[in-house]
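Below, each chain spelled out in residue letters.
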Amino acid sequence: MLTLGKGSGFGKVILFGEHFVVHGVPGIVSAINSRAEAEVRITSGKIEISDERKGAKGYAEEKKTQQIESIERMLKTMGLDPKTTSLQIMLGGNLPSFSGIGASAASSVAIARAIAEEYKKVMSDEKINQIAYEAEKAYAGNPSGIDNTAATFGGLIWFKKNLKGGPNIIERLTIREPIEIIIGNTGIVANTKAMVAGVAARKNSKAKHYDRVFKQAEELVSTAKVALKEFNLRKIGRLMDENHSLLNEIGVSSKELDFLVGIAREQGALGAKLTGGGGGGCMTALTPTRELQEKVANAIEQEGFKVLKTVIGI
Ligand code: PMV
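Residues numbered from 1 in each chain as written. Predicted model: local features only at pLDDT ≥ 70, side-chain atom pairs only at ≥ 80, totals over all residues. Heavy atoms only, no water.

### Topic: the site of the ligand
Residues in close proximity to the ligand total 17 residues, the closest being K12, H19, S144, D147 and G277. One of the backbone nitrogen or oxygen atoms of G102 is found 3.2 Å away from an oxygen atom of the ligand. D147 has a polar side-chain atom sitting 3.1 Å from an oxygen atom of the ligand. Here the ligand has 380 Å² of accessible area as a free molecule, and 96% of this is covered by the chains. Among the cavities detected, the one that contains the ligand is the largest cavity. Counting only elements with at least two residues in the shell around the ligand, the list comes to β1 (5-16), α5 (146-153) and α6 (192-205). For the shell around the ligand, the residue count by class is seven nonpolar, seven polar and three charged. (Near = heavy atom within 4 Å. Polar contact = N/O pair within 3.5 Å; in protein donor to acceptor, adjacent residues only side chain to side chain. Areas by Shrake-Rupley, 256 points an atom, 1.4 Å probe, with all protein chains shown as cover. 1 Å grid on protein atoms, 1.4 Å probe; cavity = no way out; pocket = protein on both sides within 12 Å on 5 of 7 lines; lining within 4 Å. Sits in = over half its atoms within 2 Å of the grid points. Helix = DSSP H or I, 4+ residues; strand = E, 2+ residues; numbered from the N terminus. Nonpolar A, V, L, I, M, F, W, Y, C, P; charged D, E, K, R; others polar.)

### Some points on the pattern of salt bridges
The final tally for this structure, using the stated rule, is 13 salt bridges. Where R73 meets E134, a salt bridge forms, and the shortest distance between an N and an O atom there is 4.0 Å. Of this pair, R73 sits in helix α2 (residues 64-77) while E134 sits in helix α4 (residues 125-140), placing them 61 residues apart in sequence. One salt bridge connects R113 with D125, and the closest N-O pair in it is separated by 3.0 Å. In this pair, R113 sits in helix α3 (residues 103-118) while D125 sits in helix α4, placing the two residues 12 residues apart along the sequence. With a relative accessible area of 35%, D125 lands in the partly exposed category. By sharing partners, the salt bridges in this structure join E69, R73, E134 and K137 into a single network. (Salt bridge = Lys/Arg side-chain N within 4 Å of Asp/Glu carboxyl O. Buried < 20%, exposed > 50% of the residue type's maximum accessible area, 1.4 Å probe, protein only.)

### A look at the nonpolar core
Formed by 61 residues in total, the largest nonpolar core has its most connected members in F16, F20, I28, I250, M283 and I300. Here the element with the most residues in this core is helix α7 (residues 207-230); it accounts for nine residues. When residues of this core are assigned to domains, at least three map to each of domain 1 (5-173) and domain 2 (179-312). Judged by nonpolar contacts, the second largest core, of 24 residues, contains A38, I89, L91 and A151. (Core = buried A, V, L, I, M, F, W, Y, C linked by side-chain atoms within 4.5 Å. Domains from an automatic or database assignment.)

### Points about the layout of surface pockets
One number sums up the size of the largest pocket: a volume of about 370 Å³. Considering the residues around the largest pocket, the lining is formed by 18 residues, among which N129, Q130, G166, P167 and N168 are closest to the centre. For the lining of the largest pocket, the elements supplying multiple residues, two or more each, are α4 and α5. Here the lining of the largest pocket is built from residues that sort into four nonpolar, 10 polar and four charged. (Points joined across faces, edges and corners; volume = space filled by probe spheres on them.)

### A look at the domain arrangement of the chain
Per the domain assignment, the segments making up the chain are domain 1 (5-173) and domain 2 (179-312). If you look at the interface, domain 1 gives 41 residues, while domain 2 gives 45 residues. Surface buried jointly by domain 1 and domain 2 totals about 3,400 Å² across both partners, of which 71% is contributed by carbon and sulfur atoms. Considering only the side of domain 1, the residues that lose the most area to domain 2 are F16, H19 and F20, jointly responsible for 23% of the buried surface there. On inspection of domain 1 and its partner domain 2, the count reaches two salt bridges. (Contact = heavy atoms within 4.5 Å. Buried area = accessible area lost by both parts, 1.4 Å probe.)

See below:
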């Protein structure tokens, strides 16, 4: 009888601290209500991937090489030889493959879970997270681990990378009730690996300036953690705005991202910022209440951009 392994991984939105988190500054991430889903079947032949995810035009082609490398890394970490393993991998789910909402990490978690099921290997979430982290290196070069952690465990998470290579610090946060947000997509497929490497290079060459900005980011995330606990929506929004400015300072925003952030603020969003790797990809805005969410989403859509309406803190 033909078997089929199945798995899924959460999409995510980084609320505070992307990029800074790679260098040991804490970050805050929330899973969103959309997931990547994978089905895997052992075949005879080679590794075949059919990517049925809806999303940014060109995303699948642009990421193809990185996707293949990520699966090879994943197989090695799972004790399987990529040269002799033949699998049919089907990717789907309701998480659009936009850059910046953890599409790669969610798909890695989904595929790892599906492979584990197909090979009848029982794996803890911690193990799946570790496998997805190895896979993420193909997409992000030197990832912090925040994406795969959110994709594996879900929820709202405060995350700090352990720069010495030991276990990262992960703290679950809870908020009073879920908050509506929107995620606006610039439509530009961003190369996270290049963005992460760019920040690292500039951090080296402009050490004094970057040290100051990184310090500000650290303080901001610590204030944001308290604001989330207190459910102080205005403060959370204001801190998102400030986070966007800091991301601009380290050169990861773009005119399209700034444009969408500007629209969201004009329409009454409590705060708006780019989310994820930047350089294209997505922005997010805090739009508590369905009405405000609708208003901001409509305004962005009217300019011809795609929007995902979702919540944080589920
Ligand atoms: O663009 P995404 O969804 O892959 O997010 C990348 C987040 C970074 O902080 C830029 C990189 C990382 O590994 O933390």
